[in-house]
Amino acid sequence: MKNHKVHLQYSNACYCHDKIWFVEGETNSLFSMVMPEMSVYFRGKIPFIEEEIKWAYAANIHCHYDSKLFFFPSNCRQIAIYDIKKEEIQILPILPMDNTGAYITAGIVQNEHYVWIFPYKLTQGIFRLDMDTLELERNIELDKALEDVEYICNYDNIIKISETEIAVLSGKDTIVGINIQEKKRIFTKCFDEKRDIWGMRYDGSNFWLLPYNSTDIYEWIPSEDRLVKYQLHEEEWIDGKGGTYTNMIFWNDQIIVLPCCLKYIMRVDKETRGIYKAVEYPEKFRFLNSLSQYPAFGAFDMIDSQKVLLHPLRGNMPLIYDMAKNRLEGKELVLGSEDIRGLKPFLEQQLQNRYKIIYETEIFGVEMLDLFIYSGMAGAEGSFEKRIGKNIYDILL
């Protein structure tokens, strides 16, 4: 049986042991991608200690240590740990200190075999995990150092400045610097609250601020305490305005900006202080209307000295961006039939409970139809009204 196209939804990935690893949001399933052929393999469902929910690891905040991958929760109460050598998934409970339903991770800081875990709401507690022993403990001293921080806006807004210093985006208008070893605050920088900052990135010297309700980008230069504004010159949206940007790539002298609702990947020109379209998409790349609630892009992984793998949340394929040649290439993800069978319960639910029929924009695409008919999954059980053939027949009439 031939392979079949899929549209996997995930918002971040981990490059480890020559593979890309990610947790798919709808199925809470772990996948690996082999480079450079970009073949994808189903590794297993994440086991849950509580009622299963979708997008338990929506932000896919992650890290790796030795032969283990660590995925931190954004809609559940557990850390998922995958042992690459043993090919086993285990879970580690992490309970929010404010007794809320789920621990929602905003970001992490890794230093050797320790990782510090920061929640969106600081009342849930900051934790430190020993990745050797898997001992998890609350870090009360860091809680106190950030006691006036109500929440951390969005994920990935915990920045590691050095081995001892980090920066946290407090709310939508303040950057707080912390010495993580001494557990004390080293600086606080407040901006005009009207800037509505939802993303903070760091180029090794300066901070870059991504507003939500603006197409501008700001560079804060701490050594001069100076704010520089960069303005967009080519405005084109996917399907209506919203958050403009999601992430930034700093490579040599280039600054690449990944879009949220903006249509194209952009570049920052520091001389003109402008933001311009960086590159055209490959001919077969397109955005999926059914996934309009998600950003265009989010995560990226450097796969060699000049190429970066871009992971789309609402596109039909990941893209490899050769920044030296300013060229994008894409390839749709493909699963083998054995991997598809591993997801059988989820696929049956999609057919029977959600749409009753496979649409082209559905997560697994109309190309899956022959697989269902071949395997006898469609209409194998249940009433005649639930059979896919009956639904197609009714629609055609």
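Nothing here was measured: the structure is a model prediction, and the numbers come from that model.

Visitor: Sorry if this is basic, but what is going on with the overall build of the protein chain here?
Guide: Looking only at helices and strands, the protein chain has five helices and 30 strands in total. Each of the 397 residues in the protein chain was classed as buried or not, and the buried ones make up 54%. The long-range fraction of contacts in the protein chain, counting pairs at least 24 apart against all pairs at least 6 apart in sequence, stands at 47%. Entry remark: accessible area of the protein chain is about 18300 Å², with carbon and sulfur atoms responsible for 46%.

Visitor: What exactly am I supposed to notice about the sheet that holds strand S26 (residues 297-302) here?
Guide: In space, the four strands of this open sheet follow the order S26-S27-S28-S29, with antiparallel pairing throughout. The two strands at the open ends of the sheet, each matched to only one other strand, are S26 and strand S29 (327-330). The average angle at which neighbouring strand axes cross in this sheet is 25 degrees, direction not considered. Relative to strand S28 (residues 319-322), strand S27 (residues 307-312) runs antiparallel, the two sharing four bridges. The partner of Lys307 across the bridge, within S28, is Asp322.

Visitor: Help me understand the nonpolar core, please; the structure alone is not making it clear to me.
Guide: A general trend in soluble globular proteins is that nonpolar side chains are found buried together. Within the largest apolar cluster, 52 residues are counted, with the highest numbers of intra-cluster contacts made by Ile175, Ile265, Tyr281, Phe297, Leu310 and Tyr321. The residues touching Tyr281, leaving out its near neighbours within four places in the chain, are Pro259, Lys263, Tyr264, Ile265, Phe287, Phe297, Leu319 and Leu328. Leu92, Tyr103, Phe127 and Leu134 belong to the second-largest nonpolar core, a separate cluster that totals 18 residues.

Visitor: I keep staring at the confidence of the model for the protein chain and nothing clicks. Help me out?
Guide: The predicted coordinates should not be examined in detail at positions where pLDDT is low. Per-residue confidence for the protein chain gives a mean pLDDT of 84, with 82% of residues at or over 70. In this model, residues 353-390 is a region of pLDDT below 50 whose contacts with residues beyond four sequence positions or in other chains number 71 contacts. In the predicted structure, residues 392-397 sits below a pLDDT of 50 and forms three contacts with residues beyond four places in sequence or in another chain.

Visitor: Sorry if this is basic, but what is going on with the side chain of Asn179 here?
Guide: If you trace the backbone, Asn179 turns up in strand S16 (residues 174-179). Here Asn179 falls in the buried class, since its relative accessible area comes to 10%. A distance of 2.8 Å separates a polar side-chain atom of Asn179 from the backbone nitrogen of Glu182. Filtering out sequence-adjacent residues up to four positions away, Asn179 remains in contact with Thr164, Lys184 and Ile186.

Visitor: I'm lost on the side chain of Asp143 in this one. Help?
Guide: With respect to the helices and strands, Asp143 occurs in helix H1 (residues 140-145). Accessibility expressed as a relative area gives 12% for Asp143, which makes it buried. Non-local contacts of Asp143, meaning those with residues more than four positions away in its chain, are made with Leu122, Gly125, Ile126 and Arg138.

Definitions and cut-offs
Residues numbered from 1 in each chain as written. Predicted model: local features only at pLDDT ≥ 70, side-chain atom pairs only at ≥ 80, totals over all residues. Heavy atoms only, no water. Helix = DSSP H or I, 4+ residues; strand = E, 2+ residues; numbered from the N terminus. Buried < 20%, exposed > 50% of the residue type's maximum accessible area, 1.4 Å probe, protein only. Contact = heavy atoms within 4.5 Å. Areas by Shrake-Rupley, 256 points an atom, 1.4 Å probe, with all protein chains shown as cover. Pairing = 2+ DSSP bridges. Axes fitted to C-alpha atoms, helices over the stretch in contact; angles between N-to-C directions. Core = buried A, V, L, I, M, F, W, Y, C linked by side-chain atoms within 4.5 Å. pLDDT = per-residue confidence, 0-100. Polar contact = N/O pair within 3.5 Å; in protein donor to acceptor, adjacent residues only side chain to side chain.

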